[in-house]
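# Structure at a glance
What follows is the residue order along each chain.
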Amino acid sequence: MGIRHLNADTSIEEVMEIIDQDAGVIIDNVLNQSQLNKIREELDPFLVNTKKGQDDFTGYNTRRVGALMARSPECRVLALDPLINDVSKKFLEPHSDGYQLHFTSAIDIAPGESEQILHRDRGVWGGYIPRKIETQLSTVWAITDFTKENGATQVLPGSHKWDRNREPLEEEICFAEMKKGSVFIYTGSVIHGGGANNSDKNRLGVFLHYAPSWLRQEENQYLSCPPHIAKDLTPELRALMGYSKGGYVLGFYSDPEDKNGELESVSPEKMFGDSKDKYGFINSADKLVSNSSERK
Ligand SMILES: O=C(O)CCC(=O)C(=O)O
Ligand SMILES: [Fe+2]
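Residues numbered from 1 in each chain as written. Chains lettered and ligands numbered in written order. Predicted model: local features only at pLDDT ≥ 70, side-chain atom pairs only at ≥ 80, totals over all residues.

### Focus on helix 5 (residues 82–92)
Regarding helix 5, the residues found buried are Ile84, Val87, Ser88, Phe91 and Leu92. All buried residues of helix 5 lie within an arc of 105° about the axis, which places them on one face of the element. Each element contacted by the buried residues of helix 5 is listed here: helix 1 (12–22), strand 4 (99–109), strand 5 (137–142), strand 8 (183–187) and strand 10 (203–212). (Buried ≥ 20, exposed ≤ 12 C-beta atoms within 10 Å, placed from the backbone. Helix = DSSP H or I, 4+ residues; strand = E, 2+ residues; numbered from the N terminus. Arc of directions from axis to C-beta. Contact = placed C-beta atoms within 7 Å.)

Written out as structure tokens, the structure is:
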């Protein structure tokens, strides 16, 4: 079994079908060369001085650069990609009233790196979330080609349905091999890990992950892209990053300087003068109470 590939003009139905079966799928050739060049130019100044990882998980020959919404205008375009956002919505909203950007990282695997420990990304929440709730929709945008030789992500398609203790066999491991400009979509429940780089060139991917709006984000978006930078982003992107509410009162803020009562218990959208607040009013008190116990 390998990882299936779809064309860039694929339908959301095809993507969802494969995600359901394999928990991973590649969409070929989405980005053009000029977009790839821009991403390179925007990330290189940060990648060049970043220290390599320091343990078996982050890799001793791998560089990771975050805060991509603040640092890279082109990565903002990727975060808002319409197909990816449709897939995130469909995949995550059965267990949430919304979804948010959860993690941004450029992962640059240098020659000589060994395989990353295989894992399920949902482990960041400590294993407390029932498996029936999908917690993450992830993307890896290939900025260089991804090959088995240069460290393409290792993946165990279908492992989202395995018993939690089932260990992968060597021969079950597949590789997210793809041309630069393609995107690998996978879920928080599939076993995967970075590959070993046995080539003489670096492998660079832009990782953008999404999660239900009620979960704590892996990368703190408010510190990685603070308000003085976020003010220049689009309202749509800000809302996706969490500068918005995730429910009637979830994620409100009060401006500590405000003595006029104007920015008291309001949606973060107000900070930027946006009037939108999807959860500004409760539909009914009954619904609010009934939603507070477990939904089937
Ligand atoms: O670099 C890769 O291909 C995968 C990285 C990864 O899975 C992680 O750091 O969680
Ligand atoms: Fe991972």
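### Overview of the pairing of strand 4
The element strand 4 is largely enclosed, with a buried count of 10 among its 11 residues. For strand 3 (residues 62–65) and strand 4, the ladder comprises 4 bridges, and the chain directions are antiparallel. Bridge pairing in strand 4 places arginine 63 opposite aspartate 108. Where strand 4 meets strand 10, 10 bridges bridge the pair, whose relative direction is antiparallel. Bridge assignment links threonine 104 to a residue of strand 10, and that residue is leucine 208. (Pairing = 2+ DSSP bridges.)

### Focus on the domain arrangement of the protein chain
Once the domains are mapped, the protein chain shows domain 1 (5–212) and domain 2 (248–296). A C-alpha centroid distance of 32 Å is found between domain 1 and domain 2. (Domains from an automatic or database assignment.)

### Section: the site of ligand 1
What surrounds ligand 1 is the set Ile107, Gln116, Asp121, Thr153, His192, Gly193 and Gly194. For the shell around ligand 1, the residue count by class is 1 nonpolar, 5 polar and 1 charged. (Near = placed C-beta within 6 Å. Nonpolar A, V, L, I, M, F, W, Y, C, P; charged D, E, K, R; others polar.)

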